[in-house]
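Structural overview for review
Take a look at the letters that make up each chain.
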Amino acid sequence: MTKFRLFVLSFLAISFFAFISCQQAEQNNPKAKYVFFFIGDGMGVSQVLATEAFQSAMTGEGNHIPLGFREFPEAGLSTTYAANRFITGSAAAGTALATGYKTNIGRISMDTSGTVPFETIAEKAKKKGMKVGIISSVSIDHATPAVFYAHQPNRGMYFEIGLDLAASNIDFFGGGGFRKPEGEFEGEKIKIIELAQQNGFEYINTKAAFGALTPSDHKVLFVNPGLTGGEAMLYAIDQPEGYISLADITKKAIELLDNENGFFMMVEGGKIDWVCHANDAATTVYEVLDFSAAVDVAVSFYKQHPDETLILVTADHETGGLGLGSNVMKYESDYSLLAHQKVSGEAFNKILSDWRKDNHINEKGFKKMLMLLEENFGFGGEEAPIALSRGEKETLKKAFMAYDLSQESEYGNYNRLTYVATEILAHRAGLGWTTYSHTGVAVPVYTIGVYSTAFSGNIDNTDIPKLIWETIE
Ligand SMILES: [Zn+2]
């Protein structure tokens, strides 16, 4: 058979299958009353599988324990490129996921020129009479949550995004706070939260008030009382007992939004991206576990309403170029080593700053630093959980000696010493990173419930809201 004939035959076969699937879509287009849209920011297949391998390794005996959403019956792969760049950013990718349109880097649900707003799936669901919830572990004016309710030419316009939030008719906002809670609008000083209250939002900022929330007709703006850098919630690895988690907020949102017209809910695990920017593998797996626990809450709801619920779990892009393998370990891996890291890189940075107040950057200081590294990463001599090689110790020492020259980065503000420590740990566990930025790989799409089959196979991020809308409208 010639190559050309083979090509024509495969083209015909593909057309036939496309025809069949279109037919199916038109014939059975079951309607979902309850839609959960989960976005793990920066969560590629590697982040998911590394977390699963970590979870499995921690139980020992060669067990394999999948994450709940990895057992969903349908899976697809979504391309993520932006209109003007192959490797996308959260704003452009989020716009695609929220509106079905490609746009330029930085736009918040606006066209490439930054002048024409795109209607979002959350706004369309509201118009249809559904209740809508927007939840994120990072600040609620951050790119991913913003693309569902705001329209701005630039993701950095936090104050304007906040104004859009206050003016919106979204029923529930929950998670992080505001990057720019105050500003000037038409000559008047505005506090976003006060403006939101004037526009009918009940503002909740304590654990007691959060617990006491019950379904009502007014809109709710919940800002977690325990926030850290960037007005985001604490990393899962750093959360104290009793902390209001992403899963807790998801559970509360279900209680508040459940009504006879149904609901649409977007839940973002926003800090998976931040730790992947920092190449912090241990914090990543705890972040994915935390995100997965929020999905499990939706799954419990799904089990009570299997014929009316759609749950979709995806990512806006992958971050860090995480690979499941390292040159240090070659064909071996031991993900349980990640458990020796006790705090996030962000929290370790704080420990380092405090330590620096009473200590010096010299030989003696390094000996003391090694004790701190053993405590927080398990690194040390022969008897330590992770015995450092001479080369690893040298790398740590070099970063330590350059401590006061370390640059702070946008994501996580990690000190160079923290980067080196988390990198050594990742390599020893059998993981590797290629970049501190995003990558262009396709991301997974896991679905269960009504219309879930529509999302399987190879799709584009712009297909996702279009397909969701097919099952809502
Ligand atoms: Zn992102």
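Residues numbered from 1 in each chain as written. Predicted model: local features only at pLDDT ≥ 70, side-chain atom pairs only at ≥ 80, totals over all residues. Heavy atoms only, no water.

1. What about a negative patch on the surface?
- A cluster of acidic residues, Glu374, Glu375, Glu382 and Glu383, forms a negative patch on the protein surface.
- Within the secondary structure layout, Glu374 lies in helix α13 (residues 363-377). (Patch = residues over 30% accessible without salt bridge, like charges linked within 9 Å, V, L, I, M, F, W, Y side chains within 5 Å. Areas by Shrake-Rupley, 256 points an atom, 1.4 Å probe, with all protein chains shown as cover. Salt bridge = Lys/Arg side-chain N within 4 Å of Asp/Glu carboxyl O. Lys, Arg positive; Asp, Glu negative; His and termini not counted. Charge placed at Lys NZ, Arg CZ, Asp CG, Glu CD. Helix = DSSP H or I, 4+ residues; strand = E, 2+ residues; numbered from the N terminus.)

2. A closer look at the nonpolar core
- Counting residues in each nonpolar core, the largest one holds 82 residues, and the members touching the most others are Phe38, Phe69, Ile311, Val313, Phe379 and Leu396.
- Take this core: its biggest share by element is 12 residues, from helix α11 (residues 281-304).
- Taken together, domain 1 (31-322 + 437-472) and domain 2 (335-429) each give at least three residues to this core, which thus spans both.
- Non-local contacts of Phe38, meaning those with residues more than four positions away in its chain, are made with Thr250, Val267, Phe291, Ala294, Val295, Ala298, Ile311, Leu312, Val313 and Thr314.
- Residues Ile140, Leu310, Leu312 and Tyr451 belong to the second largest nonpolar core, which totals 50 residues. (Core = buried A, V, L, I, M, F, W, Y, C linked by side-chain atoms within 4.5 Å. Buried < 20%, exposed > 50% of the residue type's maximum accessible area, 1.4 Å probe, protein only. Domains from an automatic or database assignment. Contact = heavy atoms within 4.5 Å.)

3. Side note on the sheet that holds strand β1 (residues 34-40)
- The strand order β7-β8-β4-β3-β11-β1-β12-β17-β2-β18 describes an open sheet built from 10 strands, whose pairing is mixed. What marks the edges here is a single partner per strand, and that holds for β7 (201-204) and β18 (457-460). Pairwise comparison of adjacent strand axes, ignoring direction, gives a mean angle of 20 degrees for this sheet.
- Pairing of β7 with strand β8 (residues 219-223), which is carried by 4 bridges, proceeds in the parallel orientation. Note on β8: the bridge partner recorded for Ile204 is Phe222. (Pairing = 2+ DSSP bridges. Axes fitted to C-alpha atoms, helices over the stretch in contact; angles between N-to-C directions.)

4. Digging into the pattern of salt bridges
- Enumeration over the complete set of coordinates arrives at 9 salt bridges.
- A salt bridge links Lys102 to Asp460, with the nearest nitrogen and oxygen atoms 3.0 Å apart. Separated by 358 residues along the polypeptide, Lys102 in the loop between α3 (90-99) and α4 (121-127) and Asp460 in strand β18 bring together distant segments of the chain.
- The exposure class of Lys102 is partly exposed, given its relative accessible area of 22%.
- When the shortest N-O distance is used, the salt bridge between Asp354 and Lys357 registers 3.1 Å. Residue Asp354 and its partner Lys357 are located together in helix α12 (residues 345-358), separated by 3 residues, close to a single helical turn.
- By relative accessible area, which is 66% here, Lys357 ends up exposed.

5. Remarks on the side chain of Ser292
- Of note, Ser292 is situated in helix α11.
- Residue Ser292 is classed as buried on the basis of its relative accessible area of 4%.

6. Focus on the coordination of the zinc ion
- Here the zinc ion is held by the protein donor atoms Asp41 (OD), Asp41 (OD), Ser90 (OG), Asp316 (OD) and His317 (NE2), which lie 1.9 to 2.8 Å from it.
- Along the chain, the residues donating to the zinc ion fall in the pattern D-x48-S-x225-D-H. Of this pair, Ser90 sits in helix α3 while His317 sits in the loop between β12 (309-314) and β13 (318-319), placing them 227 residues apart in sequence. We note that Ser90, like His317, is buried. (Donors = N, O, S within 2.8 Å, 3.2 Å for Na, K, Ca; no water.)

7. Comments concerning empty space enclosed by the protein
- Scanning the entire structure with this criterion turns up 2 cavities of 30 Å³ or more.
- Lining the largest cavity are Lys131, Asp171, Phe172, Thr214, Pro215, Ser216, Asp217, His218, Lys219, Val220, Leu256 and Leu257.
- Counting residues per element, the ones that place at least two in the lining of the largest cavity are β8 and α9 (246-257).
- Taken together, the residues of the lining of the largest cavity break down into 5 nonpolar, 3 polar and 4 charged.
- Empty space within the second largest cavity amounts to approximately 30 Å³.
- Taken together, Ala278, Asn279, Tyr419, Glu423, Trp433 and Tyr436 make up the lining of the second largest cavity.
- Residues of the lining of the second largest cavity, tallied by class, amount to 4 nonpolar, 1 polar and 1 charged. (1 Å grid on protein atoms, 1.4 Å probe; cavity = no way out; pocket = protein on both sides within 12 Å on 5 of 7 lines; lining within 4 Å. Points joined across faces, edges and corners; volume = space filled by probe spheres on them. Nonpolar A, V, L, I, M, F, W, Y, C, P; charged D, E, K, R; others polar.)

8. Comments concerning the side chain of Thr314
- Within the element layout of this structure, Thr314 appears in strand β12.
- With residues near it in sequence (within four places) discarded, Thr314 still touches Phe37, Phe38, Ile39, Gly40, Met43, Leu97, Val443, Pro444, Val445 and Ile464.

9. Description of the environment of Ile464
- Note that Ile464 resides in helix α16 (residues 463-472).
- A residue is classified by how much of its surface remains accessible, and Ile464, at 0% relative accessible area, is buried.
- The spatial distance from the C-alpha of Ile464 to the C-alpha of Phe37 is 9.8 Å, given a sequence separation of 427 residues.
- Residues in contact with Ile464, not counting those within four places in the same chain, are Phe37, Ser78, Leu97, Leu312, Thr314, Val445, Phe455 and Ile459.

10. Quick word on the domain arrangement of the protein chain
- We note that the domain assignment places domain 1 (31-322 + 437-472) and domain 2 (335-429) within the protein chain.
- Here domain 1 and domain 2 have C-alpha centroids that lie 32 Å from each other.
- Both faces considered, domain 1 and domain 2 share a buried interface measuring about 1600 Å² in area, 62% of it formed by carbon and sulfur atoms.
- Where domain 1 touches domain 2, the interface holds 0 salt bridges. (Buried area = accessible area lost by both parts, 1.4 Å probe.)

11. Considering unusual backbone geometry
- At Ser109, a residue that is not glycine, the phi angle is positive and equals roughly 45 degrees.
- With respect to the element layout, Ser109 can be found in the loop between α3 and α4.
- Residue Ser109 is classed as buried on the basis of its relative accessible area of 0%.
- Of note, Asn279 is a non-glycine position whose phi angle comes to about 55 degrees, a positive value.
- Classification of Asn279 as buried rests on a relative accessible area of 8%.

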